[in-house]
Amino acid sequence: MEYSVRIQGVSKSYGKKTVLDHIDLDIQRGQIYGLIGPSGAGKTTLVKMLVGMDKADKGTVHVLNRKMPNLELLQNIGYMAQSDALYTELTGEENLKFFASLFKLNKAEQKERIAYTADLVHLTDELKKKVSAYSGGMKRRLSLAIALIQNPQILILDEPTVGIDPELRLSIWNELLRLKNSAGKTIIVTTHVMDEAGRCDYLAMVRDGRIITSGSPRDLMANYGVNSLEDVFLNAGGKRQ
Amino acid sequence: MRTSALIKRIGQQMLRDKRTLALLFVAPLLILTLMYFIFNGNGDGENPKLGLVNIMAPVAEALKQGNIDIVDVNGVTSEVIKENKLEGILGLVDGKLTLLLENSDPSQAKALLMKINKSVASLAQNATGSSLPISIETDYVYGSSETTFFDVLSPILVGFFVFFFVFLISGIGLLRERTTGTLERLMSTPIRRAEVITGYLAGYGIFAIIQTIIVVLFAVNVLDISLVGSIWNVLLINLLLALVALSLGILLSTFAASEFQMVQFIPVVVIPQIFFAGIVPLDGIADWLQAVGKIMPLYYAADALKGVMYRGVGFTEITKDLLVLVAFAAIFIGLNVLALKKYRKQ
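Residues numbered from 1 in each chain as written. Chains lettered and ligands numbered in written order. Predicted model: local features only at pLDDT ≥ 70, side-chain atom pairs only at ≥ 80, totals over all residues.

(A) Geometry of the overall build of chain A. The helix and strand inventory of chain A stands at eight helices and ten strands. Against the compact-globule benchmark of 18 Å for 241 residues, chain A has a radius of gyration of 18 Å, which places it among compact chains. Expressed as lengths along the three principal axes of its C-alpha atoms, the size of chain A is roughly 55 × 35 × 35 Å. Restricting to contacts in chain A with at least 6 residues of sequence separation, those with at least 24 account for 65%. (Helix = DSSP H or I, 4+ residues; strand = E, 2+ residues; numbered from the N terminus. Rg over C-alpha atoms; globule rule 2.2 N^0.38 Å. Contact = placed C-beta atoms within 7 Å.)

Quick look at the structure:
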């Protein structure tokens, strides 16, 4: 089995507050892996460790068989944070160009990737506009395009569909599925929306810094003898108490 | 490569933000001009009244042409000045030219002294072999030759405005990057921490250099602030000061959660520096307070600027001040690279 990400015995606390408590998880290559849980469960902290922004107090994080944090590995990781994180004075194209030039891409590759990602998120006609004139959905899409700019092996999306209308959410999910199927990307998504969880290949339910249960959506529902992931979450959470 | 991408982006952002550019380039000139008129309030008003004792006609004529009102008096004393409400008395006493200045307004006294010096010097040059001594012995009714106003103040002000605006704009620039999450995103790319800081220093540094050049040229050429020494030294001092302000602004933005908090650093970090920069004479204050002044970058920049602009000293005499400024910048830059660890552990 080929793993894109291996997290072993990871714990993290800020002061007295334990944010992550002995997390173990493996993410297979070419999967859409969902981290599901309420706000404050520790999803973002976990994701930040994958990008090397945070360091575990205990345990190890391996990405593509190399230990994080590792600067070179970031070439292979596309990261989209919860906030859009765009330069609003610049145009969409200038934003893409700026981030493209931070990665190892030559001029021709840059051009090609900018055209490709812009087309992917349907922003080709809006590239010359300043980002301050973009709608919320357009900003989100541009943010996704930036995360894809260097053609990363792994895509990490922290709450990618928060504040997005259902139509756009559907189109983003279709893109993610296409990236997985046609390009074999590993995609890690955090969300607290249960109907999105159903689209993932594999789920880990996070609560209070612990993984309370994990498995494919179908297996999870079967194991708990329920018909919805919401019930799985409630049952799994309830067992612990 | 990455650094140049950063520089280019900062340039694009700055050029889009016209108001910030205006603040950076025009506001210092506005304030400097305002201060100039405040401190030189009476400069263009009435001609100064000068009493003469035993002065020959050509000199009196030259003084008159220099817009000085001439009155003949009978002695070089404070009493005569007060009696006749004069700004000063010039007299030839025992073969020596003696000038007694009233000096209640140092800037006026200074201007008068310069006019007299100029008239006498040009006269002495034209008529070689004349019996007129070139050196003038100057005395003051109030204060001393040390009490001058804008000429001493202006070098400090030039340095201060360069420091202040660069500090503010670079600090808020990086702060915005922190609050919008773009810094976090930047740190999720393979860019090195030192590359980020270098990019920031260079990106804003370009604007700081332009600002410094505009401010210095404006002060010297338009406001006629006295510049005895070399303008290149003045530019060099201000550029180093801008670098210190740039790195300090970026560093302090780490400790601010919003633009508002960044502005709150002004009374804490910026204003105290102006007091220690030499606007207020520091000789009289407590030793420990003088020591506080020595940890302020503006203290050294002001010392060097006063030296070059007012006293006309050369490069070797300001080397120590320049080295201290370089040290300040190096420390702040190093701390900046460390502070970015907050965003990425490597």
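(B) Seen up close, the environment of Leu235 of chain B. Residue and element names in this part refer to chain B. Relative to the elements of secondary structure, Leu235 occurs in helix 10 (residues 231-252). Each C-alpha atom of the pair Leu235 and Asn54 lies 46 Å from the other, and the pair is 181 residues apart in sequence. What Leu235 contacts, discounting residues up to four positions off in sequence, is Thr212, Ile213 and Val216.

(C) Representation of the nonpolar core. Membership of the largest hydrophobic core comes to 141 residues, with the highest contact counts inside it found for Ala145 and Ile156 of chain A together with Val166, Leu241, Val244 and Leu305 of chain B. With residues near it in sequence (within four places) discarded, Ile156 of chain A still touches Val47, Leu50, Val51, Ile77, Gly78, Tyr79 and Ile188 of chain A. If you look at the next biggest cluster of nonpolar residues, it comprises 21 residues, including Ile55, Leu99, Leu112 and Tyr140 of chain B. (Core = buried A, V, L, I, M, F, W, Y, C linked by C-beta atoms within 7 Å. Buried ≥ 20, exposed ≤ 12 C-beta atoms within 10 Å, placed from the backbone.)

(D) Representation of the environment of Leu248 of chain B within the structure. Residues and elements named next belong to chain B. One can find Leu248 in helix 10. Leu248 sits in the buried class, given 26 other C-beta atoms within 10 Å. For the pair formed by Leu248 and Glu102, sequence separation is 146 residues and the distance between their alpha carbons is 44 Å. Contact partners of Leu248, with chain neighbours within four places excluded, come to Phe167 and Phe332.

(E) Region of interest: the sheet that holds strand 2 (residues 17-28) of chain A. Residues and elements named next belong to chain A. Here we have four strands laid out as an open sheet, ordered 2-1-4-5, and antiparallel in their pairing. What marks the edges here is a single partner per strand, and that holds for strand 2 and strand 5 (66-67). As paired elements, strand 1 (residues 3-14) and strand 4 (residues 58-63) share five bridges and run antiparallel to each other. Looking at the pairing, Ile7 lines up with Val61 of strand 4. With respect to the sheet, helix 1 (residues 43-50) is in contact with strand 1, strand 2 and strand 4, its orientation differing from that of strand 2 by roughly 55 degrees. (Pairing = 2+ DSSP bridges. Axes fitted to C-alpha atoms, helices over the stretch in contact; angles between N-to-C directions.)

(F) Highlighting unusual backbone geometry. Residue and element names in this part refer to chain A. Cis rather than trans, the peptide bond between Met68 and Pro69 has omega equal to -5 degrees. Structurally, Pro69 can be placed in the loop between strand 5 and strand 6 (77-80). Positive phi is not limited to glycine here, since His122 has a value of about 55 degrees. Of note, His122 is situated in the loop between helix 3 (107-120) and helix 4 (136-147). Take His122: there are 14 C-beta atoms within 10 Å of it, and that puts it in the partly exposed class. Phi is positive for Asn151, close to 55 degrees, though the residue is something other than glycine. Relative to the helices and strands, Asn151 resides in the loop between helix 4 and strand 7 (154-158). A residue is classified by how many C-beta atoms lie within 10 Å of it, and Asn151, with 17 of them, is partly exposed.

(G) Examining the packing of helix 9 (residues 193-222) of chain B against helix 10 of chain B more closely. All names here are of chain B. Contact geometry for helix 9 and helix 10: axes closest at 9 Å, N-to-C directions at 140 degrees. Viewed along their axes, helix 9 and helix 10 adopt a mutual orientation that is oblique. Taken as a pair, helix 9 and helix 10 cross one another with a handedness that is right-handed. Facing helix 9, whose interface residues are Tyr200, Leu201, Tyr204, Gly205, Ala208, Ile209, Thr212, Ile213, Val216 and Val220, helix 10 presents Ile231, Val234, Leu235, Asn238, Leu239, Ala242, Leu243, Leu246, Ser247 and Ile250. Partitioned by chemical class, the residues of the contact of helix 9 with helix 10 number 16 nonpolar, four polar and no charged. (Parallel < 35°, antiparallel > 145°, perpendicular 65-115°, else oblique. Left-handed = near helix turned anticlockwise from the far one by under 90°. Nonpolar A, V, L, I, M, F, W, Y, C, P; charged D, E, K, R; others polar.)

(H) Representation of the pairing of strand 3 (residues 32-36) of chain A. Residues and elements named next belong to chain A. Taken across its five residues, strand 3 has five buried, putting it largely inside the fold. Alternating residues of strand 3 divide into Ile32, Gly34 and Ile36 and Tyr33 and Leu35, and every residue in both groups is buried. Inspection of the sheet shows strand 3 paired to strand 8 (residues 186-191) by five bridges, in the parallel sense. Within strand 8, the residue paired with Tyr33 across the bridge is Ile188.

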